[in-house]
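Observations on the three-dimensional arrangement
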Amino acid sequence: MLELGGFTPLSTVDWPDRLAAVVFVQGCPWRCGYCHNPELQRRGRPGGPRWPAVLDTLSRRTGLLDGVVFSGGEPTADPQLPEATAQVRALGLQAGLHTAGIYPQRLAALLPSLAWVGFDIKTDFAGYEALTGRRRSAAATRRSLEHLLASGVAYEIRTTYHPALVSDPALLDCARMLKALGVRDWVLQRWRPRDDTPSAQVSGWQWPGEALMQALRAHGPSLTLR
Ligand code: SF4
């Protein structure tokens, strides 16, 4: 059974232009310094919602929702995700996914079942291991991104800007890399501090300076700030 860390019955912001329920899947093997949901990283955490109860709730809200987005954590870490996705689609709802591309083969197998993917790009590939705390994280992400771009599934590529963990040169390299891979649109989103995360001591938070913004726009995909 899908292991859950949370459930939001209705969201207008987690899937652009869709009314969606959000299912937070428990577990992620990476340890990003700015992770906003560190309580979702470890598997086997008791007390989360039960998937059958969530599915029952979804079955009674089909007329109110466009779809269900699986978020996390890293949803593809759970081997039950394909079955859960099929169950959602059997209700007549679309299925969306938030992923960091940690498991390329699982993502490739799941893509035909998905209507939309929100894909996290952490930084330039050279900086991945330092940010995620995991070896080979850049290679996995790259393969996943290639699967996504080749699939034709609608997507949003987004990067969290953290002033201490994503340097200006790394962000610019990231912009160039995405454009070279054929990404057309890119969302740069604010890191949201939490008091209990290791990176919360960063002060004086701000967006990149104007010179860097101009460079990002000149060398990267079409940029949206969020
Ligand atoms: S990939 Fe996402 S869920 Fe996993 S540690 Fe990084 S920010 Fe947190």
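Model, not experiment: these values are computed from the prediction. Throughout this description, residue numbers start from 1 for each chain and increase along the sequence as written. Under the rules for a predicted model, residues below a pLDDT of 70 receive no local features and side-chain atom pairs below 80 are neither given nor counted, while totals for whole chains, interfaces and linings still include all residues.

What follows concerns helix 5 (residues 137–151). The end-to-end C-alpha distance of helix 5, which contains 15 residues, comes to 21 Å, matching closely the 21 Å that a straight helix rising 1.5 Å per residue would cover. Working definition of burial: number of other C-beta atoms within 10 Å of the residue's own, with buried at 20 or more, exposed at 12 or fewer, and partly exposed in between, all C-beta atoms being placed from the backbone. Numbering of helices and strands runs from the N terminus; a helix is a DSSP stretch of H or I covering at least four residues, while a strand is a stretch of E covering at least two. Of the positions making up helix 5, those classed as buried are Ser 137, Ala 140, Thr 141, Ser 144, Leu 145, His 147 and Leu 148. The buried residues of helix 5 occupy an angular sector of 160° when the element is viewed end-on, so they sit on one face. Multiplying one less than the number of residues by 1.5 Å gives the expected span of a helix. Comment: arc refers to directions from the helix axis out to C-beta atoms.

A separate point is helix 2 (residues 81–90). Along helix 2, the residues classified as buried are Leu 81, Ala 84, Thr 85 and Val 88. Burial along helix 2 is one-sided: seen end-on, the buried residues are contained in an arc of 100°. Opposite its buried face, helix 2 presents the exposed residues Ala 86 and Ala 90, each directed more than 90 degrees away. Two residues qualify as a contact pair if the distance between their C-beta atoms, derived from the backbone, is within 7 Å. Contact partners of the buried residues in helix 2: strand 2 (20–25), helix 1 (51–59), strand 3 (67–71), strand 4 (94–99) and helix 3 (104–110).

A residue counts as near a molecule or strand when its C-beta atom, positioned from the backbone, falls within 6 Å of it. Lining the immediate environment of the ligand, one finds Cys 28, Trp 30, Arg 31, Cys 32, Cys 35, Asn 37, Gln 41, Gly 72, Gly 73, Glu 74 and Ala 100. Gly is placed with the polar residues, together with every amino acid not listed as nonpolar (Ala, Val, Leu, Ile, Met, Phe, Trp, Tyr, Cys and Pro) or charged (Asp, Glu, Lys and Arg). Here the shell around the ligand is composed, by residue class, of five nonpolar, four polar and two charged.

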